Amino acid sequence: MSASSHPFARRASLAALVVGVALSACDDDRAVLTDPFGPPAYGFALARAAINVPRGTVTFQRPLGAGPPTNDTSVSVTLQGLDSLTTGTYRVWIADVDPATDTIANIIPAVGLLTVTRTDTTINEQGDPVPSEVVTTFDNVTGFTNGGPATTVNFRATSTANGGVDVYLKTIVFVSIETDAAAAAPGSVRPFWARRALTSPVVTGTTSQDSVVRRTTPAVFGNFRANPDSQYVYNATGRGLASVFGDIFLASDSGLARPPQGYYYAGYLIHRDSATNAVTDTVRLGPLLSPFPRYASLLDADQSLVDPVVQDPKLPGVPRSPLITAGVHRISADTISTLTGPLPFKNVAEYHLTLEAKAGREDVESPSLIVSANTPDVVRFGKQAP
Amino acid sequence: MRLSFGVALAACVVVAGVAGAQATPRQFTVTPRGGVLTFDDAAGLETGGALGVDAEYHVARFFSIGTNLTYARASTRGEDFLGRITYGIAEQGDTSFFFQITQPVSIVEASLNGTLRFPLGRLTPFVTGGAGVYTMFLDPQVNRGATRFGRLSGNVGGGFAMQLSERAGITLDVRDLIFTDYERARLNPTDGRFQNFQFPTEFQTAPAPKSTVHNFMISLGFMYAPRFGGQTTGAGPEEDTQ
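Keep in mind it's a predicted model, so treat the numbers as computed, not measured.

Novice: A description of the overall build of chain A should follow, citing residues and the corresponding values.
Specialist: Counting its regular elements, chain A contains three helices and 22 strands. Counting the 386 residues in chain A, one finds 38% classified as buried. Taking the contacts inside chain A whose residues are at least 6 apart along the sequence as the reference set, 65% of them involve residues at least 24 apart.

And the structure:
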């Protein structure tokens, strides 16, 4: 080997190089937390509202006593919280039920008198609400599509209008949503029902002509089955958290009751005027989605196992949980034409999670508000100028 | 990273190939080295500096065995470890701020290596490989106590050595430093209460974790044959016959 002609200089250079590398390797910076980055997230809680959940009553009635009666034998169905339908029709059916065999028989599509009552409310000079009812009747109808937050629908089917059938003695009344308004047999979507067996007779009237015996019971909302053990009764539940993060809105709903067949959950953002508090716009968020990372639409969670993670209870023999354990609404403001500007969620005052009929209008919020929240002021009013 | 590793290794071999050959059998050499360690994307670590020392016994002209010790200092990559601090309660409206959580990490890797050398005069290309263990020492202040973890490691690489004098030379090498059973999640010091659970997609997402990570290290070393009792170890340097 030949030695270097300048060994000292080379070694000194190498030593300097090694020391330099060593110093660069020993960075003692202990930066643990950076400054916050990105916009802050403004969170708020979602609470169960359960406002205008579909509900109603069913009354079986027959005349009592001697003499020609002034009241016919009838069954009367009164419903509220209905979604207006566009691609379907509410139909009322009366039938005999055999719970033991889980069957219904002698099914009759009811014909009756429809009374639609819409209660509009105005504010008088004293600032008090003044209700005013608008009543519309339709005779000899076989179905209806009416609904809305202030609408009550009464369908009264008499024995006379139904070919002399003693409707008082029918043991079951149920309401279905039919795509064919003239369907001869009920479809599988049967969200309301009442069982005569659960009623007790009450006699009213003062004379033998107007005396009647009535049996009244609440209409049950859910999935009708002849066998009570197999039916599903909907009870509005839910809670959650929501956040606005820059141009992202994320609502995480939890513990929602599975929607009845023919229904689904949808979300809305409600714009309100900051001065008058009047609603100025409604932004539809679409059907509820399963959480990150799947984001599958839960539109068909009423009848399908869309996302086992949030629908499957992992119990033998139970195909679907009575709960949707988690769901989200996530939107980016840049995908919504009405959410613009540097504060796209300014004037958004509320988040609504509603129960919608699949046959209902997509462009109109259902009256059935299940979960809601008011947005915090920092979101609704935005940053104030200094 | 593997591509750059291969290119660098090829460059070393090509550069070395233009020189002559030289070998020193039955000799001990010690090579302090320093360089840069670039971690696998899945490792969650920023590129950091590395120091090391290789002690080798040259069994034969073409082969040596020895120990490699590497110490590296790096910082965790903040984008991969997000934290969220929330003020207030959701029922009345809360505000959350997001942070990138970093911490300095010390890494020690020790291995037994075998090296094949191809003496070409003053320049000696070599390839090396070995197995050992690595240990990552996390920041005790950030982690509220001494925390470390480690598993088996391996390394493979190559480079060249250039003889400067009878007992000294410089080396330049690149290595794939392989960490097995790697647990990136252990580098996240954030308590579960402060994890960013609500906006998982709104930030740059970390690469998918891997159990085996390949890290690229390039080192410049100073090879030295110590003299014990006034004598250079081994048979002593051979005269250059060229």
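Novice: So, the overall build of chain B: which residues are in play, and what are the values?
Specialist: Helix and strand content of chain B: one helix and twelve strands. Starting at the N terminus and ending at the C terminus, chain B contains elements arranged as α-β-β-β-β-β-β-β-β-β-β-β-β. Put simply, 70% of the contacts in chain B that link residues at least 6 apart link residues at least 24 apart.

Novice: Outline the confidence of the model for chain A, listing residues and values.
Specialist: Low pLDDT marks regions whose predicted coordinates should not be analysed in detail. Residues and elements named next belong to chain A. A residue-level look at chain A finds 88% of positions with pLDDT of 70 or above and a mean pLDDT of 87. A low-confidence stretch, residues 1-6 (pLDDT under 50), is modelled with eleven contacts involving residues beyond four sequence positions or located in other chains. This stretch, residues 27-31, has a pLDDT under 50; its non-local contacts, to residues over four places away or in other chains, come to five contacts.

Novice: Give me the nonpolar core: which residues, what numbers.
Specialist: A general feature of soluble globular proteins is that nonpolar side chains tend to end up buried together. All names here are of chain A. Core analysis: the largest hydrophobic core is formed by 79 residues, its most contacted members being V77, V173, W193, A219 and Y265. Viewed by domain, this core spans two of them, domain 1 (53-232) and domain 2 (234-380), each represented by three or more residues. The residues contacting Y265, other than those within four sequence positions of it, are L256, P259, P287, L288, L298, G327, L353, L355 and I370.

Novice: Which residues make up the sheet that holds strand β2 (residues 55-63) of chain A, and what are the values?
Specialist: All names here are of chain A. In space, the seven strands of this open sheet follow the order β7-β6-β9-β3-β2-β13-β12, with antiparallel pairing throughout. In the strand order of this sheet, the two ends are held by β7 (129-141) and β12 (201-204), each with one partner. With direction set aside, neighbouring strand axes in the sheet form an average angle of 20°. Pairing geometry for strand β6 (residues 112-123) and strand β9 (residues 151-158), over six bridges, is antiparallel. Its bridge partner lying in β9, T117 is registered against T152.

Novice: Can you break down the sheet that holds strand β10 (residues 213-224) of chain B residue by residue, with the values?
Specialist: Pairing within the closed barrel is antiparallel, and its eight strands lie in the order β1-β2-β3-β6-β7-β8-β9-β10 (chain B). Averaged over all pairs of adjacent strands, the angle between their axes in this sheet comes to 25°, without regard to strand direction.

Novice: Please give an account of unusual backbone geometry that cites residues and values.
Specialist: Residues and elements named next belong to chain A. Between F292 and P293 the backbone carries a cis peptide bond, its omega angle lying at 5°. Relative to the helices and strands, P293 is located in the loop between β19 (279-287) and α2 (308-311). Phi is positive for N140, close to 55°, though the residue is something other than glycine. A count of 9 C-beta atoms within 10 Å places N140 in the exposed class.

Novice: Now, about the pairing of β19 of chain A: what can you tell me, with residues and values included?
Specialist: Residues and elements named next belong to chain A. In this structure, strand β18 (residues 263-272) lies alongside β19, joined through seven bridges in antiparallel fashion. Note on β19: the bridge partner recorded for Y268 is R284. Connecting the antiparallel pair β18 and β19 is a turn made up of six residues, with N277 showing a positive phi of about 65°.

Novice: How would you sum up the environment of N146 of chain A? Please name residues and give values.
Specialist: Residues and elements named next belong to chain A. Tracing the sequence through the fold places N146 in the loop between β8 (143-144) and β9. Distance from N146 to L85, taken between C-alpha atoms, is 6.8 Å for residues 61 residues apart in sequence. In this structure, N146 is in contact with L82, S84, V116, T151 and V153, ignoring residues within four places of it in sequence.

Novice: So what about the domain arrangement of chain A? Which residues, and what values?
Specialist: Residues and elements named next belong to chain A. Each assigned domain of chain A is listed here: domain 1 (53-232) and domain 2 (234-380). Relative to domain 2, the C-alpha centre of domain 1 lies at a distance of 31 Å. Taken together, the residues of the side of domain 1 that touches domain 2 sort by class into nine nonpolar, ten polar and one charged.

Rules behind the numbers
- Residues numbered from 1 in each chain as written.
- Chains lettered and ligands numbered in written order.
- Predicted model: local features only at pLDDT ≥ 70, side-chain atom pairs only at ≥ 80, totals over all residues.
- Helix = DSSP H or I, 4+ residues; strand = E, 2+ residues; numbered from the N terminus.
- Buried ≥ 20, exposed ≤ 12 C-beta atoms within 10 Å, placed from the backbone.
- Contact = placed C-beta atoms within 7 Å.
- pLDDT = per-residue confidence, 0-100.
- Core = buried A, V, L, I, M, F, W, Y, C linked by C-beta atoms within 7 Å.
- Domains from an automatic or database assignment.
- Pairing = 2+ DSSP bridges.
- Axes fitted to C-alpha atoms, helices over the stretch in contact; angles between N-to-C directions.
- Nonpolar A, V, L, I, M, F, W, Y, C, P; charged D, E, K, R; others polar.

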